[in-house]
Amino acid sequence: MLRTHTCGELDAKSIGLEVVVSGWVQTTRDFGKFIFIDLRDRYGITQISINSESTPEIYQTAKTLGREFVIQVKGKVVERSNPNPQLPTGIIEISPSELNILNSSSVPPFKIENETDGLEELRMNYRYLDLRRPIMARFIELRAKTVRSVRKYLDALGFLEIETPNLIKSTPEGARDFLVPSRLQKGSFYALPQSPQMLKQLLMVAGMDRYYQIVKCYRDEDFRGDRQPEFTQIDCEMSFVEQEDILQTFEGMTVSIFKEILGIDLPAFPRITYHEAIQKYGSDKPDLRFDMPIQDLTNTIASQLKSQVAPFGVFQNTIDKNGIIVSLVASQAAHFSRKEIDQFTDFVKAPHRGMSGLIWVKWNEDGSVKSSVEKFFTEHELKTWLEQCSAKPGDLLFILCGDIAQTRKVAGELRLELGQKLGLRKNKDWSVLWVVDFPMFESDPETGEMIFVHHPFVSPHPDDVSLLQTEPLKARALCYDLVMNGNEIVSGSVRIHQSKIQNQIFELLGLSESERQDKFGFLLKAFQYGAPPHAGCAFGLDRWVMLMAGGESIRDVIAFPKNASGRDLMMDAPAPVPNAALIEVGIAILDSK
């Protein structure tokens, strides 16, 4: 070993020890007679103190060191004359008897520090340097600890960790597959799995009644938001269980991980229905770190409009079109300036949100009311809105109106924006809840065709089976998501385990018998041989660790991520391959022009 200790473990108890440490030069400080080196590895930083008089040869070597040189230092641990309370090793330093340069380094393109001067694209180009930063090392370490803790929890419950293949048949699961050409069967392709969904169901048919896997998944999606073309799931499945068993098991796992990794005791997770989440928060992944429900003023305002000689056009138009009028109370925000309010108006009017505007009502501390529609409504009518929404003096009411689905969605986004502005979405606060009773199906916004909300293997709610034939869009599914601080980190369901019901779902989705057999024949065949009742879920590991780490992007907690355009800047991938390699697998590149 080229070291006896790491750069993060020496402390007052180590004083007097002869040690060997190795690492990277973080900084050198030359004070003439003394040179001080901060030596860094992933465990921490240790100061090396070099005296020009007592160790002149080491002193001369130290003068040649640059940032990120790799060195080995042998010497004695001594007490620092100027302790640094910011460092765990800040009470000691090493007085060296030997200093060896193990490797030199070019000048790095950015500072290898928590507060770096490198922009993300540059750091991703030099990801191996970015990962040397202490904050990044902590993120990767937290991820490793989380995976280790997950395995310990599930192993103790009798789960088996089973690997499923990465080369499978292409099957529709809501996104495009990454395709892999076969050299031996030209014209045929494997697909990289979007998830091991059907494979883990087959494991349940095989009697492997408790399965899990830390698994890579792949989706060839259009680039949007904080997504990666490859990501990691904690994939789980259980046989002979009902929905409640899954919720209890994996709520327990989440609580256990938080306690072990972060030292945080999470309370019992609330449960709300999908319908309630959309109604009150405009989202199926509500952030409940703060209380700001969406409230419906449609009936109240409709009643007021009836008494107006010339009803306020914006509201009347909404009511005539069977739309909705909703509000949000921004607590103690009546002090917002007109400029600040205009920023929220611009927020809801952004092209991708498409609202026509934003109405506001201020309830000032002195009890007076000010509003953008005070010319059309009396103070009494405005106060009726405020009181119905349980507002108080000092509060600010925002009102949106329009199409029901769009208005609730934008109100939910405005709620999050207000929460951010008011400092209510704090990283150190935790809101973890289950959202249950998702719909089975929804209408495709582009084609109007009925499509599945999650995937076609979700079992219908037993109370809604009759609706599958009459009103399938009203049927609920035995489906559940775990939402953490406004982020979905778990999605799961009770699965269909009977061929008859599975075929019924395929029929509703418009799949012919030949299409069912071509795409899912192996699964349907397996169901003929005694498939047990089963259910499961999958944790998004990247997002979960990001939230626990307080990171800003899932790229922070992935060792070698892709950028927002799906490119690996470090390896320059994806990249063209030689034409000979394409010919070997029977592929020709067509000119897109």
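See the structure shown above.
Residues numbered from 1 in each chain as written. Predicted model: local features only at pLDDT ≥ 70, side-chain atom pairs only at ≥ 80, totals over all residues. Heavy atoms only, no water.

Colleague: Is there a simple way to explain the overall build of the chain in this structure?
Modeller: Helix and strand content of the chain: 17 helices and 22 strands. In terms of overall dimensions, the chain has C-alpha extents of about 95 × 75 × 55 Å along its principal axes. Looking at the chain residue by residue over its 593 residues, the buried ones come to 46%. A separation of at least 24 residues holds for 67% of the contacts in the chain among residues at least 6 apart in sequence. Here the chain has roughly 29,800 Å² of accessible surface; of this, 52% comes from carbon and sulfur atoms. Averaged over its 67 positive side-chain charges, the chain has a centre that lies 3 Å from the centre of its 79 negative ones. (Helix = DSSP H or I, 4+ residues; strand = E, 2+ residues; numbered from the N terminus. Buried < 20%, exposed > 50% of the residue type's maximum accessible area, 1.4 Å probe, protein only. Contact = heavy atoms within 4.5 Å. Areas by Shrake-Rupley, 256 points an atom, 1.4 Å probe, with all protein chains shown as cover. Lys, Arg positive; Asp, Glu negative; His and termini not counted. Charge placed at Lys NZ, Arg CZ, Asp CG, Glu CD.)

Colleague: Please clarify how the side chain of Asn51 should be interpreted in this entry.
Modeller: Take Asn51: it is sitting in strand E3 (residues 44-51). At a separation of 3.5 Å, a polar atom in the side chain of Asn51 contacts the main-chain amide nitrogen of Ser54. Residues within four places of Asn51 in sequence aside, it is in contact with Lys33, Phe34, Pro56 and Tyr59. (Polar contact = N/O pair within 3.5 Å; in protein donor to acceptor, adjacent residues only side chain to side chain.)

Colleague: Just to check I follow, could you spell out helix H11 (residues 379-388) for this structure?
Modeller: Listed as buried for H11 are Glu381, Leu382, Trp385 and Leu386. Down the axis of H11, the buried side of the element spans an arc of 145°, and every buried residue falls inside it. Exposed residues on H11 whose side chains face more than 90 degrees from its buried face are His380 and Glu387. Tucked inside the fold, the buried residues of H11 contact helix H8 (298-306), helix H9 (313-320), strand E14 (359-363), strand E15 (369-371) and strand E16 (396-402). Two residues or fewer after H11 comes Ser390, characterised by a positive phi angle close to 60°. (Arc of directions from axis to C-beta.)

Colleague: Would you take a moment to explain the sheet that holds E15 for this structure?
Modeller: Note on sheets: strands pair through backbone hydrogen bonds, and any given pair is parallel or antiparallel. If you walk across this open sheet you meet the five strands as E12-E13-E16-E14-E15, and the pairing is antiparallel. The strands lining the two open edges of the sheet, one partner per strand, are strand E12 (295-296) and E15. Note: E14 against E15, three bridges, orientation antiparallel. Its bridge partner lying in E15, Lys362 is registered against Lys370. Its contacts with the sheet put H9 on strand E13 (324-330), E14 and E16, and the angle it makes with E16 is roughly 45°. (Pairing = 2+ DSSP bridges. Axes fitted to C-alpha atoms, helices over the stretch in contact; angles between N-to-C directions.)

Colleague: Even after reading the chapter, I still don't get unusual backbone geometry, so can you show me in this structure?
Modeller: Trans is the common state for peptide bonds, and a negative phi is the common state for residues other than glycine. With an omega of 0°, the peptide bond between Ala573 and Pro574 qualifies as cis. Of note, Pro574 is situated in the loop between helix H16 (541-549) and helix H17 (579-584). Even without being a glycine, Gln332 presents a positive backbone phi close to 50°. Its place among the elements puts Gln332 in the loop between E13 and helix H10 (338-349).

Colleague: Sorry if this is basic, but what is going on with the state of the cysteines here?
Modeller: Two cysteines joined by a covalent bond between their sulfur atoms form a disulfide. Counted according to the given criterion, the structure contains zero disulfides. Free of any disulfide, Cys389 has its nearest cysteine sulfur in Cys401, 14 Å distant. A residue is classified by how much of its surface remains accessible, and Cys389, at 4% relative accessible area, is buried. Judged by relative accessible area, which is 11%, Cys401 ranks as buried. (Disulfide = S-S within 2.5 Å.)

Colleague: Sorry, what's going on with the environment of Arg183 here?
Modeller: Its location among the elements puts Arg183 in the loop between strand E7 (178-181) and strand E8 (189-192). In this structure, the C-alpha to C-alpha distance between Arg183 and Ala581, residues 398 residues apart in sequence, is 9.6 Å. With sequence-adjacent residues up to four places away left out, Arg183 is seen in contact with Glu584 and Val585.

Colleague: Would you explain the sheet that holds strand E9 (residues 210-218) in this entry?
Modeller: Taken in spatial order, the eight strands line up as E6-E9-E10-E22-E21-E20-E17-E11 in an open sheet, and their pairing is mixed. Each having just a single partner strand, strand E6 (160-161) and strand E11 (271-273) make up the two edges of the open sheet. One ladder, built from nine bridges, connects E9 with strand E10 (residues 230-239); its direction is antiparallel. Bridged to Gln213 within E10 is Asp235.

Colleague: Looking at this model, I keep getting lost on the pairing of E14. Mind explaining?
Modeller: Residues in a regular strand project their side chains so that they alternate between the two faces of the sheet. A large share of E14 lies buried, amounting to five of its five residues. What you see with E14 is no split at all: Ile359, Val361 and Trp363 on one side and Trp360 and Lys362 on the other are buried throughout. Between E14 and E15, which pair antiparallel and follow one another directly, the connecting turn spans five residues, one of which, Gly367, has a positive phi of 95°.

Colleague: Please clarify how the packing of helix H4 (residues 134-156) against helix H6 (residues 243-262) should be interpreted in this entry.
Modeller: Contact geometry for H4 and H6: axes closest at 10 Å, N-to-C directions at 135°. As judged from the angle between their axes, H4 and H6 are oblique. Taken as a pair, H4 and H6 cross one another with a handedness that is right-handed. Taken together, the residues of H6 that come into contact with H4 (itself represented by Leu142, Lys145, Thr146, Ser149, Val150, Lys152, Tyr153 and Leu154) are Thr249, Phe250, Gly252, Met253, Ser256, Ile257, Glu260 and Ile261. (Parallel < 35°, antiparallel > 145°, perpendicular 65-115°, else oblique. Left-handed = near helix turned anticlockwise from the far one by under 90°.)

Colleague: What's the story with the side chain of Asn487 in this structure? I'm lost.
Modeller: With respect to the helices and strands, the residue Asn487 is situated in strand E21 (residues 487-494). For Asn487, the contacting residues outside a window of four places in its chain are Lys285, Leu482, Arg543 and Leu547.

Colleague: Quick question: what am I supposed to make of the packing of aromatic side chains here?
Modeller: Centre distance and the angle of the planes are the two values used to describe a pair of aromatic rings. Counted under the stated rule, the structure contains 19 aromatic pairs. On the numbers, 4.7 Å between centres and 45° between planes, the contact of Phe312 with Phe376 is tilted. Of the two residues, Phe312 is situated in the loop between H8 and H9 and Phe376 in the loop between E15 and H11; the sequence distance between them amounts to 64 residues. On the basis of relative accessible area, Phe312 is assigned to the buried category, the value being 9%. (Phe/Tyr/Trp six-rings, centres within 6.5 Å; stacked < 30°, edge-to-face > 60°.)

Colleague: Whenever I open this one, a nonpolar patch on the surface confuses me. Can you help?
Modeller: A cluster of nonpolar side chains, namely Leu119, Leu122, Tyr126 and Tyr128, defines an oily patch on the protein surface of about 400 Å² accessible area. Here Leu119 lies in the loop between strand E5 (92-103) and helix H2 (120-125). (Patch = residues over 30% accessible without salt bridge, like charges linked within 9 Å, V, L, I, M, F, W, Y side chains within 5 Å. Salt bridge = Lys/Arg side-chain N within 4 Å of Asp/Glu carboxyl O.)

Colleague: Sorry, what's going on with the pattern of salt bridges here?
Modeller: Enumeration over the complete set of coordinates arrives at 38 salt bridges. Ionic pairing is found between Asp130 and Arg127, a salt bridge with its closest N-O pair at 3.0 Å. Of the two residues, Asp130 and Arg127 are both situated in helix H3 (residues 127-130); the distance of three residues between them amounts to about one turn of the helix. We note that Asp130, like Arg127, is buried. Connected through shared salt-bridge partners, Arg123, Arg127, Asp130 and Arg133 make up one network.

Colleague: Honestly, the nonpolar core in this entry has me stumped. Any pointers?
Modeller: One recurring pattern in soluble globular proteins is that nonpolar side chains are buried together. Counting residues in each nonpolar core, the largest one holds 42 residues, and the members touching the most others are Leu154, Phe250, Met253, Phe539 and Trp544. Only H4, E10, H6, strand E17 (432-436), strand E20 (479-484), E21, strand E22 (534-540) and H16 provide two or more residues apiece to this core. Among the elements that make up this core, the one with the highest residue count is H4 (seven residues). With residues near it in sequence (within four places) discarded, Phe539 still touches Thr232, Gln233, Ile234, Phe250, Met253, Thr254, Leu482, Ile489, Val490 and Trp544. The next biggest cluster of nonpolar side chains, apart from the first, holds 23 residues, and it includes Ile324, Ala333, Phe347 and Leu396. (Core = buried A, V, L, I, M, F, W, Y, C linked by side-chain atoms within 4.5 Å.)

Treat this as a map of the structure, not an account of what it does.
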